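A look at the structure
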Amino acid sequence: KFANLCRCFSEWAEVKAVATKPSLHFIDKASLPEDVILYTDEEEWSTWKKIGDSVLHIELRRWADIMVIAPLSA
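Fair warning: this is a prediction, and the values are worked out from it, not measured in the lab.

Calculation rules
Every chain's residues receive numbers from 1 upward, in the order its sequence appears when written. Confidence filtering applies because this is a predicted model: local features only for residues at pLDDT of at least 70, side-chain atom pairs given and counted only at 80 or more, and all residues used for totals across whole chains, interfaces and linings. The side-chain values count all of the structure's non-hydrogen atoms but skip hydrogen atoms and water molecules. Strands are runs of DSSP state E lasting at least 2 residues, helices are runs of H or I lasting at least 4, and numbering of each runs from the N terminus. By the convention used here, residues are in contact when the closest approach between their heavy atoms is within 4.5 Å. Exposure categories follow from relative accessible area, calculated using a 1.4 Å probe and restricted to protein chains: below 20% of the type maximum is buried, above 50% is exposed, and the middle band is partly exposed. A pair of aromatic rings is counted whenever rings of Phe, Tyr or Trp (Trp by its six-membered ring) have centres within 6.5 Å, and the orientation is called stacked for planes under 30 degrees apart, edge-to-face for over 60 and tilted otherwise.

Points about the environment of Ile-37
Tracing the chain through its elements places Ile-37 in strand β2 (residues 37-39). The sequence separation of Ile-37 and Cys-6 amounts to 31 residues, and the corresponding C-alpha distance is 9.9 Å. Sequence-distant contacts of Ile-37, defined by excluding residues within four places in its chain, comprise Val-15, Lys-16 and Ala-17.

Considerations on the side chain of Thr-40
Its place among the elements puts Thr-40 in the loop between β2 and α2 (41-46). What makes Thr-40 buried here is its relative accessible area of 11%.

Side note on the environment of Ser-31
One can find Ser-31 in the loop between β1 (16-18) and β2. Sequence separation between Ser-31 and Arg-7 is 24 residues, and the spatial gap between their C-alpha atoms is 9.2 Å. Excluding residues that lie within four positions of it along the chain, Ser-31 makes contacts with Ala-3 and Arg-7.

Considerations on the packing of aromatic side chains
Scanning the entire structure with this criterion turns up two aromatic pairs. Ring plane angle 70° and centroid distance 5.8 Å describe the contact between Phe-9 and Trp-12, whose orientation is recorded as edge-to-face. Take Phe-9: its relative accessible area is 28%, and that puts it in the partly exposed class. Taking relative accessible area as the criterion, Trp-12 reaches 61% and is therefore assigned exposed. With a centroid separation of 6.2 Å and 50° between ring planes, the pair formed by Trp-45 and Trp-48 is classed as tilted.

See the structure below:
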């Protein structure tokens, strides 16, 4: 259902998705639309090294007009 949600939203919006490492077990990356960027824990922890570097979750907060958190449980 994750890919379907991304596909539906990407028809009218720019979509960036975030998935935890354990959730990747349930996500087929190949089924996501090509224009959807999928961020994982790796990007969150590797994008900054020192004070002043950009932090992914803060940059996503600045970028997003709306956030959808789904599913909230498995």
